[in-house]
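Chains, contacts and geometry: an overview
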Amino acid sequence: MSSQWIYLDDRFVKKEDAVVSVFDHGFLYGDGVFEGLRAYNGNIFKLHEHIERLYQSAQSIMLHLPYSKEEMEDVIVETIRRNKLETAYIRVVVSRGPGNLGLDPVNCTKPNVIVIAEPLALFPQELYQRGLKMGSVASRRNRPDVLSPQVKSLNYLNNILVKLEANQAGVDEALMLNDQGYVTEGSADNIFIVKNKKIFTPPVYLGALEGITRNAIIDLASELDYSISETPFTRHDVYTADEVFLTGTAVEVIAVVDVDGRVISDGIPGEITNHLLTEFRKIVTVDGVHCYPAEKVNAV
Ligand code: PMP
């Protein structure tokens, strides 16, 4: 029997018992929202920001969460404690809940709130030393006026399709453009380029999720006195950049060394990318919500 505790429908259950109805509209229609967070040594990085984004996603799709933001944070902290984890990946899912086979959410009366915390499967350090290969894909990023990339919804087919394209092309990650050909982001990460020591990332209105790591890197880069700005750019700018890197909860900061077969600079992770990764890893254990004051751990 698994020792993993999952928060599901107002209580903690064992992994084996963590099952949801086949009539849940999250399953039937991708109708719901989610968040992915990370705890570093008992410190949940940017917990408030993730909760804020979760509630904004929910607000946008008229999904009423049954808890206050504070209660939701408590549930997340408690999930880590129950599982005796200090370094973890945390997934929060809020689905529309069980209804019937009809599309109309009016039949779904109770959202399902799920929190899963697992030991973190770290990206191999070798990938950070080598850097990733990226390829642009034919599928365009969802238009913000159709399904906004700011809604972190359970409908991730746009991202899954581009990941499949990247797999087919034999590259590590997909470069998604918007319908005008401007660079937006990767399948699950934001993109930055460096040119003449200046750092650029696309404005989110072009079709990128406003990543929490992205925002942390914008703040960090400014604190480190780099010039950093949100500027539209095209594939040409990526191909001719001095450095390219991605950010996200899972990857943190990772270099891209090849885009559509164009080797970026000398084909190894760049100086600024490495600097930002090093400094980012210093702040993650400080700049967040500490869920492991020693006395509380012992009380579990
Ligand atoms: N873009 C997309 C499409 C994503 O799914 C993610 C992962 N949440 C990101 C960017 C990076 O966002 P964050 O830094 O908040 O993890």
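Rules behind the numbers
Residues numbered from 1 in each chain as written. Predicted model: local features only at pLDDT ≥ 70, side-chain atom pairs only at ≥ 80, totals over all residues. Heavy atoms only, no water. UniProt positions renumbered as here; feature names shortened; annotations may be inferred. Phe/Tyr/Trp six-rings, centres within 6.5 Å; stacked < 30°, edge-to-face > 60°. Helix = DSSP H or I, 4+ residues; strand = E, 2+ residues; numbered from the N terminus. Buried < 20%, exposed > 50% of the residue type's maximum accessible area, 1.4 Å probe, protein only. Lys NZ or Arg CZ within 6 Å of the ring centre and 35° of its normal. Near = heavy atom within 4 Å. Polar contact = N/O pair within 3.5 Å; in protein donor to acceptor, adjacent residues only side chain to side chain. Areas by Shrake-Rupley, 256 points an atom, 1.4 Å probe, with all protein chains shown as cover. 1 Å grid on protein atoms, 1.4 Å probe; cavity = no way out; pocket = protein on both sides within 12 Å on 5 of 7 lines; lining within 4 Å. Sits in = over half its atoms within 2 Å of the grid points. Nonpolar A, V, L, I, M, F, W, Y, C, P; charged D, E, K, R; others polar. Salt bridge = Lys/Arg side-chain N within 4 Å of Asp/Glu carboxyl O. Pairing = 2+ DSSP bridges. Axes fitted to C-alpha atoms, helices over the stretch in contact; angles between N-to-C directions. Contact = heavy atoms within 4.5 Å.

By the naming in an unreviewed UniProt entry, the protein chain is Branched-chain-amino-acid aminotransferase, taken from Alkalicoccus halolimnae. Checking UniProt for the protein chain, the heading Cofactor (unreviewed entry) contains the comment "pyridoxal 5'-phosphate".

Right, let's talk about the packing of aromatic side chains for a bit. Summed over all chains, the structure comprises six aromatic pairs. Here the aromatic rings of F45 and F280 are separated by 5.4 Å at their centres, their planes lie at 85°, and the arrangement is edge-to-face. Linking F45 in strand β4 (residues 43–45) with F280 in helix α8 (residues 271–283), this pair joins segments that are 235 residues apart in sequence. Comparing F45 with F280, the two get one shared label, buried. One aromatic cluster is present, built from ring pairs that chain together Y7, F12 and Y67. Here R82 stacks its cationic end above the ring of W5, 5.9 Å away from the centre of that ring.

Attention shifts here to unusual backbone geometry. Even without a glycine there, the phi angle at D10 is positive, about 75°. Phi angles above zero are rare outside glycine, and D260 is one such case at about 50°. As for its placement among the helices and strands, D260 is situated in the loop between β14 (252–259) and β15 (262–263). For D260, a relative accessible area of 24% corresponds to the partly exposed category.

A word on the site of the ligand. For the ligand, the set of nearby residues contains 16 residues, the closest of which are Y156, E185, I212, T213 and T249. At 2.6 Å, a side-chain N or O of E185 approaches a nitrogen atom of the ligand. Contacts to the ligand include T213, whose side-chain N or O atom sits 2.6 Å from an oxygen atom. The fraction of the free accessible surface of the ligand (390 Å²) that becomes covered by protein chains is 95%. Assessed atom by atom at 2 Å from the grid points, the ligand resides in the largest pocket. Classifying every residue of the shell around the ligand gives four nonpolar, seven polar and five charged.

Overall, the coordinates contain 18 salt bridges when judged by the stated rule. For K110, the salt bridge is made with D9, and the minimal N-O distance between the two is 2.6 Å. With K110 in the loop between β5 (88–95) and β6 (112–119) and D9 in the loop between β1 (5–8) and β2 (11–14), this residue pair connects regions lying 101 residues apart in the sequence. In this structure, the salt-bridge partner of R81 is E78, at a minimum N-O distance of 3.7 Å. You can see R81 and its partner E78 sitting in helix α3 (residues 69–82), three residues apart, about one turn around the helix. The class for R81 is buried, based on a relative accessible area of 14%.

So, on to the sheet that holds strand β16 (residues 288–290). Paired through their backbone hydrogen bonds, the strands of a sheet run either parallel or antiparallel. Across the sheet, which stays open at both edges, the seven strands sit in the order β2-β1-β6-β5-β3-β4-β16 with antiparallel pairing between neighbours. Every interior strand has two partners, whereas the edge strands, β2 and β16, have only one. Across this sheet, the average inter-strand angle for adjacent strands is 25°, counted without regard to direction. One ladder, built from eight bridges, connects β5 with β6; its direction is antiparallel. Within β6, the residue paired with V94 across the bridge is V113.

Looking now at the side chain of Q4. Note on placement: Q4 falls in the segment before β1. The buried category is assigned to Q4, whose relative accessible area is 12%. Among the polar contacts made by the side chain of Q4, one reaches the side chain of E118 at a distance of 3.4 Å. If near-sequence neighbours (up to four positions away) are discounted, Q4 is found in contact with V13, K14, K15, N83, I116, A117 and E118.

In this section: the environment of N112. Among the secondary structure elements, N112 is positioned in strand β6. Judged by relative accessible area, which is 8%, N112 ranks as buried. Separated by 66 residues in sequence, N112 and N178 have C-alpha atoms that sit 33 Å apart. When near neighbours in sequence (up to four residues on either side) are disregarded, N112 contacts L8, D9, V20, D24, V93, V94, S95 and G97. Among the polar contacts made by the side chain of N112, one reaches the side chain of D24 at a distance of 3.0 Å.

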